[in-house]
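Reading the structure
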Amino acid sequence: MPDADATPPRVAVVSPHLDDAVLSIGASIADWTSRGAEVRVITAFAGDAPSLLSPVARAYHDSSGLGADAMATRRAEDEAAAAAVGASTCHLPFPDAVYRRREDGSWLCDGMRSMFDSRLPEDGRLGPDLANAIIEHCRGDAAPHVLVTCAGFGGHVDHRLTRRAVLAAARATGLPAMLWEDLPYMLGSRRRGIAGSAWPYAAAPAAWEHKWRAVEAYGSQLRLHWHDDRWRTQLHEHAVDRGDGVAVELFWPEAAGAAEGTDRPPPWLRQRDDRPR
């Protein structure tokens, strides 16, 4: 890292799906890019849907207003959202849980909440393959200086796989990693996170406006998660509640039960004097 007090020049944000990063830390991303950082949002499960959909996938498509080109539509939404916060994108080819099958050929998700079941079987090579794909993006002259991903709150299988793969990549490359609070899953929850205190990051007001424009780009997911126009109010109220009156997004050290000395955020992530109190 060139300067411990400066925003890292390159940040890799690894998102499970094509909305998770912006919904969870879009203001932080916009703030970092405004300070000169190059932020790439790498989405793990951005691969195309199969021609034959499971009943669960069909229901999600219907609720989201998505058609046969569902993932192309969602990738286009993601490109627009990333542009709004000043980030670039990388879409990995792994399929969403609702499109995957078990080893016996049955659908991995056979119910509308199946993806949150902690008893779902491991997906064979998927975890290691995802970790290797992330490692490939951590090499070369454009390698990131820090990895950021979801904490896995809510228990979605794709979030758990992504967190595990990113932490494996961090260990393999020696890069620092940190975790974000998964939204919208944590909206309304009083749970403040895993071991230790959260690292609240209060982005500049302009960065929050960039986040709202970015979230608006995810039309399909707003229809799926909210069914109304209250998304901005709910996300803003949650951020203010988390910051005890100041809108923040939360981060944690890379692992639950992190070692002593990791309970303080790196200098560049700490509250700055130019943030509203």
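Now for a quick tour of the structure. (Residues numbered from 1 in each chain as written. Predicted model: local features only at pLDDT ≥ 70, side-chain atom pairs only at ≥ 80, totals over all residues. Heavy atoms only, no water.)

**Notes on the overall build of the chain**
- In terms of regular secondary structure, the chain is built from eight helices and seven strands.
- Buried positions account for 53% of the 277 residues belonging to the chain.
- For the chain, long-range pairs separated by at least 24 residues make up 81% of all intrachain contacts whose partners lie at least 6 apart in sequence.
- For the chain, the computed accessible surface area is about 12300 Å², with 49% contributed by carbon and sulfur atoms. (Helix = DSSP H or I, 4+ residues; strand = E, 2+ residues; numbered from the N terminus. Buried < 20%, exposed > 50% of the residue type's maximum accessible area, 1.4 Å probe, protein only. Contact = heavy atoms within 4.5 Å. Areas by Shrake-Rupley, 256 points an atom, 1.4 Å probe, with all protein chains shown as cover.)

**Focus on the packing of helix α1 (residues 20–34) against helix α6 (residues 205–216)**
- Direction vectors running N to C along α1 and α6 enclose 135°, while the axes themselves pass 8 Å from each other. If you check the angle between α1 and α6, you find them oblique. Crossing of α1 against α6: the hand is right-handed. Residue-level contacts link V22, L23, S24, I25, G26, A27, A30 and D31 of α1 to A207, W208, H210, K211, A214 and V215 of α6.
- In the contact of α1 with α6, the residues fall into nine nonpolar, three polar and two charged. (Axes fitted to C-alpha atoms, helices over the stretch in contact; angles between N-to-C directions. Parallel < 35°, antiparallel > 145°, perpendicular 65-115°, else oblique. Left-handed = near helix turned anticlockwise from the far one by under 90°. Nonpolar A, V, L, I, M, F, W, Y, C, P; charged D, E, K, R; others polar.)

**Focus on the sheet that holds strand β5 (residues 177–180)**
- Read across the open sheet, the seven strands follow the order β3-β2-β1-β4-β5-β7-β6; overall the sheet is mixed. Looking along the sheet, the strands with just one partner apiece sit at the ends: β3 (88–91) and β6 (199–201). Strand-to-strand twist across the sheet, computed as the mean angle between neighbouring axes with direction ignored, equals 30°.
- Where strand β1 (residues 10–15) meets strand β2 (residues 38–43), six bridges bridge the pair, whose relative direction is parallel. (Pairing = 2+ DSSP bridges.)

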